[in-house]
Amino acid sequence: MELSFVIEKFLLVTILFAISLLIAMYSTYGERKVAAFLQDRLGPDRAGPFGILQPLADGIKMFTKEEIIPSSSNKWLFILGPGLAMLCACIGTAVIPWGQDIQIDGRTIPLQVADINVGVLYIFGVVSLGVYGVMIGGWASNNKYSLLSAIRAASQNISYEIAMGLSIIALLLVTNTLSLREIVAQQHGMNWNIFYQPLGFIIFMVCSFAETNRAPFDIPECEAELNGGYHLEYSSMKLGFYLFAEYINMFVASAVMSTLYFGGYNYPGMDWVAAQVGPVLGPLIGTAVFFAKILLFIFFFMWVRWTIPRFRYDQLMNLGWKGLIPLAIANIIITGLVIAIVEKF
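Quick look at the structure, then. (Residues numbered from 1 in each chain as written. Predicted model: local features only at pLDDT ≥ 70, side-chain atom pairs only at ≥ 80, totals over all residues. Heavy atoms only, no water.)

Our next topic: the overall build of the protein chain. A count of helical and extended segments in the protein chain gives 12 helices and two strands. Each helix (α) and strand (β) of the protein chain, taken in turn from the N terminus, gives the series α-α-α-β-β-α-α-α-α-α-α-α-α-α. Dimensions along the principal axes, computed over C-alpha positions, put the protein chain at roughly 65 × 50 × 50 Å. Within the protein chain, buried positions represent 50% of all 345 residues. For the protein chain, contacts bridging at least 24 residues in sequence account for 80% of all contacts bridging at least 6. Carbon and sulfur atoms make up 71% of the accessible area of the protein chain, which totals about 16,800 Å². Positive and negative side-chain charges in the protein chain, numbering 20 and 23 respectively, have mean positions lying 7 Å apart. (Helix = DSSP H or I, 4+ residues; strand = E, 2+ residues; numbered from the N terminus. Buried < 20%, exposed > 50% of the residue type's maximum accessible area, 1.4 Å probe, protein only. Contact = heavy atoms within 4.5 Å. Areas by Shrake-Rupley, 256 points an atom, 1.4 Å probe, with all protein chains shown as cover. Lys, Arg positive; Asp, Glu negative; His and termini not counted. Charge placed at Lys NZ, Arg CZ, Asp CG, Glu CD.)

Structure representation (structure tokens):
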């Protein structure tokens, strides 16, 4: 293995980790600003111009708060929970293609950490593991509210992972591959999958809200019933890890939706732009377009949170099992029939 290859991957992983933390940090600021706009308030406006330094102040507060581990808790699992949640949130970025390959001095540098041919399955595996951080934290706290919240989170994730997986099957029938890089390459220009799988996208998006515990699916953190949920006993940066993991999950979910349905780094006229600006700047413009799509999805996550009230638990389960799963199965059947008819004629 060449040293240059190791250095490239190390730099890419470091940059992605830093970007994930930065977006998670400023998503807290964006959330408060979006909420303030929708509620006709100002939001943070004290720390720096327009409150832009508020996330730094919040970070300092998290690091300097007193750290408390309940005496009746399982200490090692109590510490492991937030760390596992943070780890599972961060490793999802490894298989996402962030841009076209860059050509520098005859060397091709891919803007993707790992180009595996089962990237979609990898994403689903990471999503499935993420709930263990919540489950371990809720159980290790030895608090009945935290445990109830963890049980809710597990049942919610299992329920909506089924519908999410079924929605992806229809997309795979169209693309014929599990590689995220190939899926993006097939959407070159404006040949986006959203035009072929609008119902699949809607199902996937709704399930993404549930998988990231975002309102109106924030049942595991229902303050009115559970006093804060699975991280009730957590303080200091352990609580910060859980909060960061939620926002990083939202970032990764937005990146995956942009990749699967909205062309990833593809945009109209990209070949002409690349010919004008060269082999280095062209792919970077595509990466900037990709991040613009991600930020739009993050804004949509926030917009929905401050617009739609929280579901009751029975409503949440009915939507998952009686609504989204039958729709996803119908979408698979319709997609299969259309593909068979097109191939025959």
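Once the structure has been displayed, the description carries forward.
As a further point, take the pattern of salt bridges. Summed over the entire model, instances satisfying the criterion amount to 11 salt bridges. Here Glu8 and Arg107 are joined by a salt bridge, their closest N and O atoms 2.4 Å apart. With Glu8 in helix α1 (residues 3-38) and Arg107 in strand β2 (residues 107-109), the pair connects residues that are 99 residues apart, well separated along the chain. Notably, a salt bridge pairs Arg32 with Asp58, separated by 3.1 Å at the nearest N-O pair. With Arg32 in helix α1 and Asp58 in helix α2 (residues 54-64), this pair connects stretches of sequence that are 26 residues apart. Here Arg32 falls in the partly exposed class, since its relative accessible area comes to 37%. Several salt bridges share partner residues, and in doing so they unite Glu31, Arg214, Glu246 and Arg305 into one network. (Salt bridge = Lys/Arg side-chain N within 4 Å of Asp/Glu carboxyl O.)

What follows covers the layout of surface pockets. Sizing a probe to match a water molecule and rolling it over the atoms shows the empty space that remains. Size it by volume and the largest pocket reaches roughly 880 Å³. Taken together, 35 residues make up the lining of the largest pocket; nearest its centre are Thr28, Met62, Leu243, Tyr247 and Arg305. Elements supplying a minimum of two residues to the lining of the largest pocket: α1, α2 and α9 (236-261). For the lining of the largest pocket, the element with the highest residue contribution is α9, accounting for eight residues. When grouped by side-chain class, the residues that make up the lining of the largest pocket number 18 nonpolar, six polar and 11 charged. Here the second largest pocket is characterised by a volume of approximately 280 Å³. If you go around the second largest pocket, you meet 14 residues; those closest to its centre are Leu11, Leu12, Ile15, Pro110 and Leu111. Elements that contribute at least two residues to the lining of the second largest pocket include exactly α1 and α11 (281-305). For the lining of the second largest pocket, the leading source of residues is α1, giving seven residues. (1 Å grid on protein atoms, 1.4 Å probe; cavity = no way out; pocket = protein on both sides within 12 Å on 5 of 7 lines; lining within 4 Å. Points joined across faces, edges and corners; volume = space filled by probe spheres on them. Nonpolar A, V, L, I, M, F, W, Y, C, P; charged D, E, K, R; others polar.)

Within the secondary structure layout, Gln112 lies in the loop between β2 and α4 (119-140). We classify Gln112 as buried; its relative accessible area is 3%. Reaching out from Gln112, the side chain makes a polar contact with the side chain of Arg181 at a distance of 2.8 Å. Those residues in contact with Gln112 that lie beyond four places of it in its chain are Lys9, Leu12, Ala94, Val95, Ile96, Pro97 and Arg181. (Polar contact = N/O pair within 3.5 Å; in protein donor to acceptor, adjacent residues only side chain to side chain.)

A few words on the packing of α1 against α11. Contact geometry of α1 with α11 gives a least axis separation of 10 Å together with a crossing angle of 45°. Here α1 lies oblique to α11, going by the angle between them. Crossing hand, α1 versus α11: right-handed. Of the residues in α11, those in contact with Ile19, Ile23, Ser27, Gly30, Glu31, Val34 and Leu38 of α1 are Phe291, Ile298, Phe299, Met302, Trp303 and Arg305. Taken together, the residues of the contact of α1 with α11 sort by class into nine nonpolar, two polar and two charged. (Axes fitted to C-alpha atoms, helices over the stretch in contact; angles between N-to-C directions. Parallel < 35°, antiparallel > 145°, perpendicular 65-115°, else oblique. Left-handed = near helix turned anticlockwise from the far one by under 90°.)

Moving on, we come to empty space enclosed by the protein. All told, the structure shown has three cavities of 30 Å³ or more when counted by the stated rule. Its volume calculated, the largest cavity comes out at about 440 Å³. Looking at the largest cavity, it is lined by 26 residues, and the ones nearest its centre are Val127, Gly130, Glu211, Thr212 and Asn249. The set of elements that each furnish at least two residues to the lining of the largest cavity consists of α3 (75-90), α4, α5 (144-175), α7 (198-211) and α9. By residue class, the composition of the lining of the largest cavity is 17 nonpolar, seven polar and two charged.

Looking at where Thr212 falls in the secondary structure, it is placed in the loop between α7 and α8 (223-226). On the accessibility criterion, Thr212 (6% relative accessible area) is buried. Setting aside residues no more than four positions away along its own chain, Thr212 makes contact with Glu246, Asn249, Met250, Ala253 and Phe301.

Counting residues in hydrophobic clusters, the biggest one holds 83 residues, and the most contacted among them are Trp98 and Leu260. The biggest single contributor to this core is α9, with 16 residues. (Core = buried A, V, L, I, M, F, W, Y, C linked by side-chain atoms within 4.5 Å.)

As a further point, take the environment of Asp314. Inspection of the secondary structure puts Asp314 in helix α12 (residues 313-344). When its relative accessible area of 38% is taken as the criterion, Asp314 is described as partly exposed. In sequence terms Asp314 and Pro279 are 35 residues apart; their C-alpha atoms lie 53 Å from each other.

Moving on, we get to the packing of α7 against α12. Packed helices, taken two at a time, are described by the angle between their axes plus the distance between the axes. Taken N-terminus to C-terminus, the directions of α7 and α12 make an angle of 150°; their axes are 10 Å apart at the nearest point. By the angle between their directions, the pair α7 and α12 is classed as roughly antiparallel. For the pair α7 and α12, the crossing hand works out as left-handed. Here Leu199, Gly200, Ile203, Val206 and Cys207 of α7 come into contact with α12, specifically with Leu319, Leu324, Leu327, Ala328 and Asn331.

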